[in-house]
Amino acid sequence: MKLELNNTKQIPRRDFLVKTISSLAVIFVVPDIIKTGNAAKLKSEKVSSKIKWGMHIDVNKCLDGCSACIQACSDENGLSGFNRQKTDPQWIRKIKLRDLKTNGISVLPMLCQHCENPPCCDVCPTGASFKREDGIVMVNQHTCIGCRYCMMACPFKARSFVHENLTTQLTNSPRGKGCVESCNFCVNKIDHGSEYTACEEACTKEGGGVISFGDLNNPKSKVSIAMKKSSSRRLRADLKLKQKVTYSGI
Amino acid sequence: MKSESFSRFIIDQRLFWSIFMGLGFFVLLGLFCAHYMETEGHHITGMDNQIVWGLPHIFAVFMIIISSGVLNIASLSSVFDKEKYKPLGPLSGLIALSYLIAGLAVLVLDLGRPDRLIIAMTTYNFKSIFAWNIFLYSGFFLVLLIYLWTMLDFQVKKYSKSMGIFAFIWRIILTTGTGSIFGFLVAREAYATAILAPLFIVMSLLYGVALYYAYHSSICWLNKTQISEDMLSNFKQLMLIFLFTNLYFLVLYHLTNMYISKHLDYEIFLLTSGGIYTVLFWVGQVLIGILIPLMLLILSKKNSSLSLLIVSKVILLGGFFAVAVIIIGGQAYPLSIFPDHQIIESTFFDNVVHSYLPSAYELGLGIGGLTLASLIILIGIANFKFIPKDI
């Protein structure tokens, strides 16, 4: 029996091109489309006051020497330091305290308190420092003129000024020389559907569970539950700024 | 007032151009410093996340309140009908205009984003006293121009009184606004008090008359003319009155702060244990700024032009220190975030008194502003008849 090989059949040019291009598409393009299709999308609903983002910090659980929240914030927002502690930005920092009544020592993270009546927004001449409908206080990096009046006005030293040229900014966190910045509750993550801030995620991962973030208008949210568990208070409550960050354990 | 009552500033050409070039050099140096600060970023300055407003702001605020106060010389005739001050009005208006321009220039050039000035001029948050001040300062510029016109042009002289009253009210509001920049800050124990507004007003009146006299006597010295005994006596009286009012408001401000328990720690810091800040307050603001000039004026039996010039310069030096104490001293004391706790450790300097050492760039910018003001005055008096002939 002879084996006949029939290889004289000619493939039309059009078919060749279609098959080649389709193969290349399968190899190179489709994986990227699938990857993009699965990534977080910007939430379609407008920012509204139906949600009120807030945070609760349980000081009793905060560990001395741990800086997971600080590192996570730096990574999420591209905070590059220049080894100049006096001018490098700090959106979140750890403070160690001694209670003057009991001599007890506490450690806690300090960040923008996202006040309901923010003095930084009151004093900003251009309105670059503003409070969103959902309560997040942040700085519009396009209209900030770098006057630093908000830094003078903040009772919690929450704001930093960018003192040098930056080249390694992240696209999700616009920053630039000559503007003021502070914690914005990871607004880019939140607007893409996340309900966790970077500091909270890192703290939870380390087993700390110090930080609880969520919707204060939702009684079943992590932050509302955390606030109910322990008696929480606002810092400098006498100023009546009605911060959305509360603390328990101090 | 007839134009023959005034003259241009005419001196030896070489001397004039030497002064012009000298002032111009420092103006250009100031511009270079501002440019370098903007391109490199503020890390080259002594300002940081603790002391956010520094030497440029001291110069700027000092020049702006002087600008408001120096116009008081013109107001004395236009508003309060003291005819003997009428010939001095145009020169006081020119000095006010030049110091306003220079003060605003220094303030704007120190912004983190001075290229965004157009945003500051077109986008306003009307709850901010800073935003209102932008209106007040730029409006004051127009008011000054019109006021000067009514003082110098015989055809519109009849409007001089009403314009003078308008300018007087405007600058009271403007200086109140400047004081309120600090007075409205709830965060800091040194501020958050309405008394800063009238304190700034009386400071402006004192530094204004001192600066006016310093310029006028210097012009007379270069022109080889003299100020009359009568006018010297008037200036002496004005300085005495404003020195006493400054002393009154300063004592009232600190006494009130000491009564407020939550501000007491700051007062103890400033008045006794603040190191350089305590020295600046007692030696700079109080001794040099108020007590020494008072002593010199009260003890001097003769009204000499030179002794009054020395007193003026001492007042101005003390005034500079006073603004420095308010601006830097108020920031140096750490915020009271946890009143019932002591902060032991912080990476953001929450638990320490903040130190500040101004850089050469900030000094260059500030000096550039001062020399810009003098340059504008020089150009004004050389080209227009601002100098009164007989006073």
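Refer to the structure above for everything that follows.
What counts, and where the lines are drawn
- Residues numbered from 1 in each chain as written.
- Chains lettered and ligands numbered in written order.
- Predicted model: local features only at pLDDT ≥ 70, side-chain atom pairs only at ≥ 80, totals over all residues.
- Heavy atoms only, no water.
- Phe/Tyr/Trp six-rings, centres within 6.5 Å; stacked < 30°, edge-to-face > 60°.
- Lys NZ or Arg CZ within 6 Å of the ring centre and 35° of its normal.
- Pairing = 2+ DSSP bridges.
- Helix = DSSP H or I, 4+ residues; strand = E, 2+ residues; numbered from the N terminus.
- Axes fitted to C-alpha atoms, helices over the stretch in contact; angles between N-to-C directions.
- Contact = heavy atoms within 4.5 Å.
- Polar contact = N/O pair within 3.5 Å; in protein donor to acceptor, adjacent residues only side chain to side chain.
- Left-handed = near helix turned anticlockwise from the far one by under 90°.
- Nonpolar A, V, L, I, M, F, W, Y, C, P; charged D, E, K, R; others polar.

**Q** What should I look at first to understand the packing of aromatic side chains in this one?
**A** Two numbers describe a pair of aromatic rings. These are the distance of the centres and the angle of the planes. In this structure the tally under the stated criterion is 34 aromatic pairs over all chains. Here a set of aromatic residues connected by ring pairs shows up, and it is made of Tyr149 of chain A together with Trp53, Phe130, Phe182, Tyr191 and Phe200 of chain B. One cation-aromatic arrangement involves Lys157 of chain A over Phe348 of chain B; the distance from NZ or CZ to the ring centre is 3.5 Å. For Lys222 of chain A, the ring lying beneath its charged end belongs to Tyr196 of chain A, and the centroid distance is 4.3 Å.

**Q** I'm lost on the sheet that holds strand E2 (residues 341–346) of chain B in this one. Help?
**A** Sheet strands associate in pairs through backbone hydrogen bonding, adopting either a parallel or an antiparallel arrangement. On the basis of which strands lie adjacent, the open sheet formed by three strands has the order E3(A)-E2(A)-E2(B) and antiparallel pairing. The two strands at the open ends of the sheet, each matched to only one other strand, are strand E3 (105–111) of chain A together with E2 of chain B. Here the strands of the sheet are splayed against their neighbours by 35 degrees on average, with no regard to which way each runs. Across the sheet, helix H2 (residues 68–77) of chain A is in contact with strand E2 (92–99) and E3 of chain A; its angle to E2 of chain A comes to roughly 160 degrees.

**Q** Even after reading the chapter, I still don't get the environment of Asn165 of chain A, so can you show me in this structure?
**A** Residue position: Asn165 of chain A is located in the loop between strand E6 (160–161) and strand E7 (180–181). Side-chain polar atoms of Asn165 of chain A contact the side chain of Lys177 of chain A, separated by 3.3 Å. Among the polar contacts listed, one links the side chain of Asn165 of chain A to the backbone oxygen of Thr39 of chain B, at a separation of 2.8 Å.

**Q** Quick question: what am I supposed to make of the packing of helix H4 (residues 89–109) of chain B against helix H8 (residues 196–223) of chain B here?
**A** Packed helix pairs are characterised by how far apart their axes lie and by the angle those axes make with each other. All names here are of chain B. Their axes nearest at 11 Å, the elements H4 and H8 cross at an angle of 115 degrees. Taken as a pair, H4 and H8 cross one another with a handedness that is right-handed. Taking contact as the criterion, the partners of Leu91, Ser92, Ile95 and Tyr99 in H4 are, on H8, Leu211, Tyr212, Tyr215, His216 and Ile219. Grouping the amino acids of the contact of H4 with H8 by side-chain chemistry returns seven nonpolar, two polar and no charged.

**Q** Explanation requested: the sheet that holds strand E9 (residues 245–248) of chain A in the structure shown.
**A** All names here are of chain A. Taken in spatial order, the three strands make up an open sheet running E8-E1-E9, and their pairing is mixed. The open sheet has two free edges, formed respectively by strand E8 (211–215) and E9, since each of these has just one partner strand. On average, adjacent strands in this sheet sit at an angle of 20 degrees to one another, irrespective of strand direction. Where strand E1 (residues 53–58) lies against E9, four bridges are found, and the strand directions are parallel. Each residue of the ladder has a partner; that of His56, found in E9, is Thr246. Against the sheet, helix H7 (residues 222–229) engages E1, E8 and E9, with an angle of about 125 degrees to E8.

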